[in-house]
2 protein chains.
Amino acid sequence: MIKVPDASAALAYLSAHTEDHLRQLDEFLRIESVSADPGRAGEVRRAAEWLGAELSRIGFENATVHDTSSHPIVTADWLHAGRAAPTVLMYGHYDVQPADPLDEWVRPPFEPRYEDGRIYARGSGDDKGQLFTHLKAAEAWLSTSGALPVNVKVMFEGDEEIGSAPMADFMRRHRDLLAADLMVVSDSTLFDDDETPQITYSMRGMAYFEVHVSGPSRDLHSGHYGGAVANPANVLAGMLAGLKDDRGRITIPGFYDRVRELTDAERAAHAGLEVDEEALREEVGVPALDDGEQGYSVFERRSVRPTLDVNGIWGGYSGAGAKTIIPARASAKLSVRLVPDQDFREIGRMVVEHLQRIAPATVRVEAKLLHAGAPALTPVDHPAVGVAAQALEAAFGKPPVLSRGGGSIPMLADAEEILGIKSVLVGFAAANGNFHSPNEWIPVTNVTRGMQTIVHLWKGLAEAGAEELRGA
Amino acid sequence: MIKVPDASAALAYLSAHTEDHLRQLDEFLRIESVSADPGRAGEVRRAAEWLGAELSRIGFENATVHDTSSHPIVTADWLHAGRAAPTVLMYGHYDVQPADPLDEWVRPPFEPRYEDGRIYARGSGDDKGQLFTHLKAAEAWLSTSGALPVNVKVMFEGDEEIGSAPMADFMRRHRDLLAADLMVVSDSTLFDDDETPQITYSMRGMAYFEVHVSGPSRDLHSGHYGGAVANPANVLAGMLAGLKDDRGRITIPGFYDRVRELTDAERAAHAGLEVDEEALREEVGVPALDDGEQGYSVFERRSVRPTLDVNGIWGGYSGAGAKTIIPARASAKLSVRLVPDQDFREIGRMVVEHLQRIAPATVRVEAKLLHAGAPALTPVDHPAVGVAAQALEAAFGKPPVLSRGGGSIPMLADAEEILGIKSVLVGFAAANGNFHSPNEWIPVTNVTRGMQTIVHLWKGLAEAGAEELRGA
């Protein structure tokens, strides 16, 4: 086994500098890096440049902010751990979801609020707060022993929340720059509110669509034309309603053909991990949970089964009072979550073609794929999963739950395909941390324990050695 | 037969003063009297005061702007035609529909544009431009023979586009002030673009609803919660889609129970009045007309059959790019057009109860009736209809078509119920004049011929005499 410097100095450094680190995170969270908003492109770039400067300050080399067809990609490296040590690719995203509806935030989303040991801010959990833990783990090692136990490469993107469009191409054009033995990602959550850590060994893929139903060339008087001219809002409602049957199954022909059923091992791993349905119902504030797709538990429907959701719908008059019109058009945003082995390209075509096929002759329907990403899976017996489990237990005092996640990180599958590396996902966000919602939050202890986890993880990976990871 | 002053002087006066009258109409159309917009309440009142001043200037007496629970009601009278002469109640509305979508107007909606013999402006057809013809007919009579051939009472409201809420109560409290033998209304259209006039002897009633579907207490991450928490946008789409079956029938139990079928006489009157479906399709710019309710012609579906339309729908994310959420809520505005003998109160309850009944247990549904009005019908053999037909033929050079209209004037039925008077509807707006749509317009000749029609109509009613109308 390879001799690796003890982690205690790095851990002590972290405890001694918590205040400074939280101040730096506050500064990072104030940058309004909303990738979906063209008006905020400058803020997104500012976040990228903040990271570039921070990486250099910590002691990384070759920190570079790369221009892309969309938002910048930040890379850097520290490669002095030697050939025997594994090379870890640190991935995270510095862009955030739009913050609206703004009026539901207790404090403005980009003015972090500290309360009850929580940090409330857009991006606190997804993903700035988690990405930040990796930076500080590196700072802790470099400031104490002047070295990292593993070789580390960095790749931070600014397009994750809008589909990571530039990433695949970027990875293809920089295979050497990014070559590594393992990708480590913190863009997921703890298993529960009881500080049980979690290793997410699979993420769902996604395909996101916009559909526009156009009828008359202008809004029409519903009294003079009602009954004679099809109403695009009624038509859209009918099209969307038909996408699921009354048993919660998606009706698009072929949609389930490639869905991989759970193995017995997975079912075993899930045993005892059932969701507390009453607690979930209370947490989200609904009168009852969705029956969802019949034959699957809530836990499975949230993680290992594909889903379809209307993410937005609009058309006609939504102002005060009454406007009696047949709207000229109605639109919706629609997304499906995909699971192994669904092919996101195939599903993208399938959904667009289906929407066109079910469109009545009385309207024009434009359906387009906005973005899509493949599901990703890392075998639970991959050596890095075991090392990550020990690192999480060391930091959180409990062994982690192994599970498949419901969310999507579109570039994970691309990284596997293009760079030929597996990913291990160690999540530090709160299980109910309002990802993509108003009042997003992360516990301060998750941030500090996250930093500790990464310190332990790199040490563990160094001890395992490059050979074993490459062999996996 | 009663001796009535000749109309030629009044008609000559109208031709001589067309320029002045169009200038005055321009001034009236510039007042932004959007009743649905609380921010424009001052503009609505300004329109009422403009009318009060104009009525007095013309020679009406007792011009009064009455405050109500909503927008003002304007009354005035001229009652010196004698007991033998009928008393006509002049009704119109000075409020207009909201103008959005603003970007589809060639010119701002409240800056009238004259082009190709048309006046483009919000309210040019519905109803300011039509109401104005009655004012100028009175001015023509009073300035030439110093008298009107009939007694005239005036009632102009500012709530027609939002349901005429204050009208019923106002009529109940002012039965004597408003007592009359007949109500004359110009708030409808010509039959076609070929200047064929039209007497609308029936209007559809209406009930207008808002439905709000609430799910989670905040927008949720569709990856973490999709499949476990019902999506209010999907639920709303399903509820709306289920309101009609695939044969175009409204599925709400009991909805059609009181619908009066067409008489043979009506079918005969409609013979030869079939809509040019290709021309209609071209006019509104749709790839195909709605199949609509099977078993009824396009003409019948537009006028004598009830309809259901989603007037607006909104929920979740509609901004640029992708936001992967389960929206906390989704809403729609929804209206039904009613025909004799549907009871708008009963239908109002029926629809609200149905929406509550079909709401799944996974969401909260709030459905409320915003406003409703009864259908109205005046027998085609009513003497005033014959007089109106002659007046229209005198002004337009063609006999009018008698038909039932698809639109709604909620207070017509109230007037019949409360004041005990029938209404005759002579319409001057263009058949495709973009009522409730961008670029609303009216032909200048319809305005001038409308003034002539009212001059003839009053003369004809005077000759018919009060007795005959009262007997009807």
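Position numbers for residues start from 1 in each chain and track the written sequence from start to end. Each chain is given a letter, starting from A, and each ligand a number, starting from 1, according to the order in which they appear as written. Local features in a predicted model are, by the rule used here, given only for residues with pLDDT of at least 70; side-chain atom pairs are given and counted only at 80 or more, and totals for whole chains, interfaces and linings are based on all residues. For side-chain calculations, the full set of non-hydrogen atoms in the structure is used, while hydrogens and water are omitted.

Think of it this way: side chains of opposite charge can pair up when their charged atoms draw near. Residue and element names in this part refer to chain A. For salt bridges, the criterion is a side-chain nitrogen of Lys or Arg within 4 Å of an Asp or Glu carboxyl oxygen. Under the definition given, this model contains 62 salt bridges over all chains. The salt bridge involving R30 is made with D26; its shortest N-O contact spans 2.7 Å. One salt bridge connects R258 with E346, and the closest N-O pair in it is separated by 2.7 Å. Here the residue R258 occupies a position in the loop between α8 (232–241) and α9 (264–270), and E346 occupies one in helix α12 (residues 344–357), the gap between them amounting to 88 residues. Residues joined by salt bridges that share partners form a network here, namely E54, R57, K136 and E139. Helix numbering and strand numbering both begin at the N terminus, where a helix is a DSSP run of H or I of at least 4 residues and a strand a DSSP run of E of at least 2.

Grouped together as the largest cluster of nonpolar side chains are 120 residues, with contacts concentrated most on M155, M183 and M411 of chain A together with M155, M183 and M411 of chain B. With sequence-adjacent residues up to four places away left out, M183 of chain A is seen in contact with L89, Y91, M155, M411, L412, A415, I421, K422, S423 and V424 of chain A. Among the buried residues, those of types Ala, Val, Leu, Ile, Met, Phe, Trp, Tyr and Cys that are joined through side-chain atoms within 4.5 Å form a nonpolar core. Only protein chains enter the calculation, and the probe is 1.4 Å; a residue is then buried if its accessible area is under 20% of its type maximum, exposed if over 50%, and partly exposed in between. Contacts are residue-level and defined by heavy atoms, with any inter-residue pair within 4.5 Å sufficient.

What follows deals with the relation of the copies chain B and chain A. The transform that puts chain B on chain A rotates by 180° and translates by 0.0 Å along the axis, for an RMSD of 0.0 Å. Taken together, the rotation and translation relating the two chain copies correspond to the operation of a two-fold axis. Here 100% of the contact residues of chain B are again contact residues in chain A; the copies associate through an equivalent surface. All copies are superposed by least squares; the fitting set is the C-alpha atoms of residues with a pLDDT of at least 70 in both.

Interfaces are often described in size by the accessible area the parts lose on coming together. Listed by partner, the interface residues are 90 residues for chain B and 91 residues for chain A. Together, the buried faces of chain B and chain A total about 7300 Å²; carbon and sulfur atoms form 52% of this surface. The interface formed by chain B and chain A contains four salt bridges. Side-chain atoms alone can form a polar contact between residues adjacent in sequence; in general such a contact is a pair of N or O atoms within 3.5 Å, and within protein one must be able to donate a hydrogen while the other accepts it. Counting across the chain B and chain A interface gives 48 residue pairs in polar contact (both at pLDDT 80 or more). Looking at which element gives the most residues to the side of chain B that touches chain A, the answer is strand β11 (residues 307–316) of chain B, with 10 residues. Classification used: nonpolar for Ala, Val, Leu, Ile, Met, Phe, Trp, Tyr, Cys and Pro, charged for Asp, Glu, Lys and Arg, polar for all others including Gly. Taken together, the residues that form the side of chain B that touches chain A break down as 39 nonpolar, 33 polar and 18 charged. Strand pairing is defined by DSSP finding a minimum of two bridges between the two strands. One ladder, built from five bridges, connects strand β11 (residues 307–316) of chain A with β11 of chain B; its direction is antiparallel. Along β11 of chain B, the bridge assignment pairs W314 of chain A with W314 of chain B. Two parts lose some accessible area (1.4 Å probe) when they are put together, and adding that loss for both gives the buried area.

Now for the side chain of S186 of chain A. Residue and element names in this part refer to chain A. Tracing the backbone shows S186 in the loop between β7 (182–185) and β8 (198–203). Given the relative accessible area of 1%, S186 is considered buried. A distance of 2.7 Å separates the side chain of S186 from the side chain of H134, its partner in a polar contact. In terms of polar contacts, S186 uses its side chain to reach the backbone carbonyl oxygen of V426, at 2.8 Å. For S186, the residues in contact, after removing those within four places along its chain, are Y91, D127, Q130, L131, H134, V426, F428 and I454.

Residue and element names in this part refer to chain A. Those residues of helix α1 (residues 8–16) lying buried are A10, Y13 and L14. Projected down its long axis, α1 carries its buried residues within an arc of 100°, all on one side. Structural note: α1 exposes S15 and A16 on the side pointing more than 90 degrees away from its buried face. Of the surrounding elements, those touching the buried residues of α1 are α2 (18–29), α4 (128–145) and α15 (444–464). Read the arc as the range of directions from the helix axis to the C-beta atoms.

To continue, consider the sheet that holds strand β4 (residues 113–115) of chain A. All names here are of chain A. In space, the three strands of this open sheet follow the order β4-β5-β18, with antiparallel pairing throughout. Here the strands that pair on one side only, and so sit at the sheet edges, are β4 and β18 (441–443). Ignoring which end each strand starts from, the neighbouring axes of this sheet average 25° apart. As defined by bridge partners, strand β5 (residues 118–120) adjoins β18 across three bridges and the pair is classed as antiparallel. By the bridge assignment for β18, I119 is matched with I442. Note on definitions: angles span 0 to 180 degrees between N-to-C directions of axes, and those axes are lines fitted to C-alpha atoms, for helices only across the stretch in contact.

Residues and elements named next belong to chain A. Inspection of the secondary structure assignment puts W458 in helix α15. According to the relative accessible area criterion, W458 is buried, its value standing at 1%. On a C-alpha basis, the gap between W458 and E43 in space is 32 Å, while along the polypeptide they are 415 residues apart.

Residue and element names in this part refer to chain B. Taken N-terminus to C-terminus, the directions of helix α2 (residues 18–29) and helix α3 (residues 41–58) make an angle of 155°; their axes are 10 Å apart at the nearest point. By the angle between their directions, the pair α2 and α3 is classed as roughly antiparallel. Contacts between α2 and α3 pair Q24, E27 and F28 from the former with A47, W50, L51, E54 and R57 from the latter. To sort the angles, those under 35 degrees are grouped as roughly parallel, those over 145 as roughly antiparallel, those from 65 to 115 as roughly perpendicular, and the leftovers as oblique.

Our focus in this paragraph is the pairing of strand β13 (residues 329–338) of chain A. All names here are of chain A. Burial analysis of β13 places nine of its 10 residues in the buried class, which makes it a mostly covered element. Sheet analysis places strand β9 (residues 205–214) next to β13, joined by 10 bridges and oriented antiparallel. When the bridges of β13 are listed, S214 appears paired with R329. In this sheet, β13 lies alongside β11 in antiparallel orientation, the contact comprising eight bridges. Within β13, the position partnered with G315 by the bridge is A330.

What follows deals with the sheet that holds strand β14 (residues 364–373) of chain B. Spatially, β14(A)-β9(A)-β13(A)-β11(A)-β11(B)-β13(B)-β9(B)-β14(B) is the arrangement adopted by the eight strands of the open sheet, whose pairing is antiparallel. Lying at the two open borders of the sheet, with one neighbouring strand each, are β14 (364–373) of chain A together with β14 of chain B. The average angle at which neighbouring strand axes cross in this sheet is 20°, direction not considered. Strands in contact with helix α8 (residues 232–241) of chain B are β11 of chain A together with β9 (205–214), β11, β13 (329–338) and β14 of chain B; relative to β13 of chain B, the strand with the most contacts, it is inclined by about 15°. The sheet contacts of helix α12 (residues 344–358) of chain B involve β9, β13 and β14 of chain B, and relative to β14 of chain B the element is tilted by about 165°.

All names here are of chain A. Pairing of aromatic rings covers Phe, Tyr and Trp, the last through its six-membered ring, and needs centres within 6.5 Å; plane angles under 30 degrees mean stacked, over 60 mean edge-to-face, and all others mean tilted. Enumeration according to the criterion identifies eight aromatic pairs over all chains in this entry. Positioned above the aromatic ring of Y120, the side-chain terminus of R113 is 4.0 Å from the ring centre. The ring of Y256 is capped by R249, whose NZ or CZ atom sits 3.8 Å from the centre of that ring. The rule for a charge over a ring is simple: NZ of Lys or CZ of Arg within 6 Å of the ring centre, and within 35 degrees of the ring normal.

The next point concerns the domain arrangement of chain A. All names here are of chain A. These domain limits were set by an automatic method or by a database of domain assignments. Domain boundaries assigned for chain A yield domain 1 (8–204 + 375–470) and domain 2 (205–259 + 305–373). Taking only C-alpha atoms, the centre of domain 1 and the centre of domain 2 are 35 Å apart. Interface area for domain 1 against domain 2, summed over the two sides, is near 980 Å², with a carbon-plus-sulfur share of 57%. Summed over the shared surface of domain 1 and domain 2, the number is one residue pair in polar contact (both at pLDDT 80 or more).

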